[in-house]
Amino acid sequence: MQALTLSAMSSPDWLRNSVGYEVYIRSFADGDGDGVGDLTGLRDRLEYLAWLGVDLVWVTPFFPSPMADHGYDVADYADIDPLFGNLDEFDRLIARAHELGLKVAVDIVPNHTSSAHPWFRAAFTDPESRYRAYYLWRDPAPGGGPPNNWISHFGGPAWTFEPRSGQYYCHLFLPEQPDLNWRNPDVREEFERILEFWFRRDTDAIRIDVAHALIKDEQFRDNRQVSDPAGLIEPRERFRCFDHVHDLCRPEVLDIYRSWHKIAERYDAALIGETYVREASELSNLVTDDGLHVGFWFAPMSMPWKPEAVREMLEAPHRAIGSQVGWVQSSHDERRPVARFSGGDIGRRRSLGFCLMLMGMPGTPFLYQGEELGLDDARIPMKLRHDPVARRNRGSLGRDVCRSPMPWDDKPNLGFSTAATTWLPQVYRYDESVAAQRKNPKAHLHKVRGLVNLRRTLSNLGDTVRFADDLPDGVVAFYRDDHFFALNVNETLTELDLSGLRVIHRTISDSVARPVLEPDEALVAVRS
Ligand code: NOJ
């Protein structure tokens, strides 16, 4: 057995033991009947989240935006897009959430602005403007063309030519999302003001988009190419053909979060980073006692259902940052876990078993809307797809698969919206909806809710985890104080010696004392 002992995290007290829930605002609930989710719709559904038992609601960006990337292209960081509401409505949302005991995280996008942001418009139209230095401009390569070999996450080069000055600007995502120059102290000051703005409105946490990539190599050196992108359709696969040492995960970025940490501390607020690292060990460059409070660990979203992989997914980030891991198995950017874990009932069982393990680990587990319903991927016909990744890359699946509207009840559009058409089609069935599942005690929703409640009972457990090496093949298990958590990653029933243990929760079988694990089943037991 291997013992992992880590220092307690320095964070707001409320964050310890919290369970997060991601709301993709466009698709959660539409309050004004225009076919797109909004703040009023979310406020009306907060009671459901309180019933589910989650503690922290992370809301994806709602700032004024041309919506080239559905809000991750921000044109004003201190206001709300009319599509989603206004600042008064935001204040009402926060007030209602707090009444219900829920915390709220706002999604700040500091790596890039929208190309419609006044800073970029000034920088683009006037090379002499002080805002020019807010962005990353480079001359063409000596023989012409982009300054280096960096490519965009969404396909194509990470550089777009600006003819007036003859220079290129850098964008790790769309050309409509120019990257900010985080080596410029003015940019840092702007964002410190933006943080204060949202914290003063009683925001409890911020989720930081692309938190790992704000700082780029000062000399803009080429990334080493490690494989051939030819023939690869998905831009993320092409992206993996390079070793991203110069555009991502620069250690200098921690300095930014140290300043933000001091601001957050004054408001008892938390910093939650979207930390897309290559190796779990890199999390410790960003998530520290005086940097980010929580760093998301995304590798489970591409995890094969194999015992070694499942164990590594749990152990590696924990080894790096202890109880500061943000655990997720789904998000608005990835295929649904049910689909990834082979679809249908098997996918649901696996997702539930893995969820139990995440709830057992020290850190902050997050659910993504619809995960609690066991939703599968949505099949959206090509012509109805909205995601720029699908639109720009012929044949790419894109991210609409996990963004279809939430199914709530038996009303039109399953209660998501009263509009004749919704921005993405409602693809689910009534029996998958919240209302139908709430009525059925055996539904997936109740099982996930049971795990969220279970998490509450674990609140006094320490931050030390020991993985078990002496169990039957295919069983991934760990001890946390006197609690034992195990998941059967075998496709067969596996016997497990439970002597000296009292099982307190299982994900499949009703018979708690049975010394076996069904395929994909997870359990928690306490030393008796
Ligand atoms: C990560 C967000 O989760 C994703 O939806 C967005 O497209 C990129 N960052 C760019 O902001």
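Below you will find a few notes about this structure.

1. Things to note about the overall build of the protein chain
Broken down by element type, the protein chain carries 14 helices and 21 strands. Across its three principal axes, the protein chain shows a C-alpha extent of roughly 75 × 50 × 50 Å.

2. Observations regarding the sheet that holds strand β8 (residues 205-208)
Spatial ordering of the closed barrel is given by β2-β3-β4-β8-β11-β12-β13-β14, a layout of eight strands whose pairing is parallel. Strand-to-strand, the axes of this sheet are offset by a mean angle of 30°, without reference to chain direction. For strand β13 (residues 325-327) and strand β14 (residues 364-368), the ladder comprises two bridges, and the chain directions are parallel. Bridge pairing links W327 to P365 in β14. Packing of helix α9 (residues 307-321) onto the sheet brings it into contact with β12 (294-297) and β13, and relative to β13 it is tilted by some 155°.

3. Concerning the state of the cysteines
For the structure shown, the criterion picks out zero disulfides. C170 forms no disulfide, and the closest cysteine sulfur to it belongs to C249, at a distance of 15 Å.

4. Side note on the nonpolar core
Within the largest apolar cluster, 155 residues are counted, with the highest numbers of intra-cluster contacts made by Y48, L49 and F62. For this core, the leading source of residues is helix α11 (residues 344-360), giving seven residues. Here L49 is in contact with Y21, V23, F28, L42, V54, V57 and L102, once residues within four sequence places are set aside. Judged by nonpolar contacts, the second largest core, of 13 residues, contains A468, V503, L523 and A525.

5. Some points on the sheet that holds strand β7 (residues 167-170)
One open sheet accounts for three strands, arranged β5-β7-β6; its pairing is antiparallel. Either end of the sheet is taken by a strand with one partner, and the two such strands are β5 (137-138) and β6 (159-162). The pairing of β5 with β7 spans two bridges and is antiparallel. In the sheet register, W137 faces β7, and the bridge partner there is Y169.

6. A closer look at unusual backbone geometry
For N17, which is not glycine, the phi dihedral falls at a positive 75°. Mapped onto the secondary structure, N17 falls in the loop between β1 (2-4) and β2 (20-23). N17 sits in the partly exposed class, given a relative accessible area of 21%. In the Ramachandran plot, D520 falls in the positive-phi region, its phi being about 70° despite a non-glycine side chain. Among the secondary structure elements, D520 is positioned in the loop between β20 (516-517) and β21 (522-527).

Parameters at a glance
Residues numbered from 1 in each chain as written. Predicted model: local features only at pLDDT ≥ 70, side-chain atom pairs only at ≥ 80, totals over all residues. Heavy atoms only, no water. Helix = DSSP H or I, 4+ residues; strand = E, 2+ residues; numbered from the N terminus. Pairing = 2+ DSSP bridges. Axes fitted to C-alpha atoms, helices over the stretch in contact; angles between N-to-C directions. Contact = heavy atoms within 4.5 Å. Disulfide = S-S within 2.5 Å. Core = buried A, V, L, I, M, F, W, Y, C linked by side-chain atoms within 4.5 Å. Buried < 20%, exposed > 50% of the residue type's maximum accessible area, 1.4 Å probe, protein only.

Any functional reading would require information beyond the geometric quantities listed.
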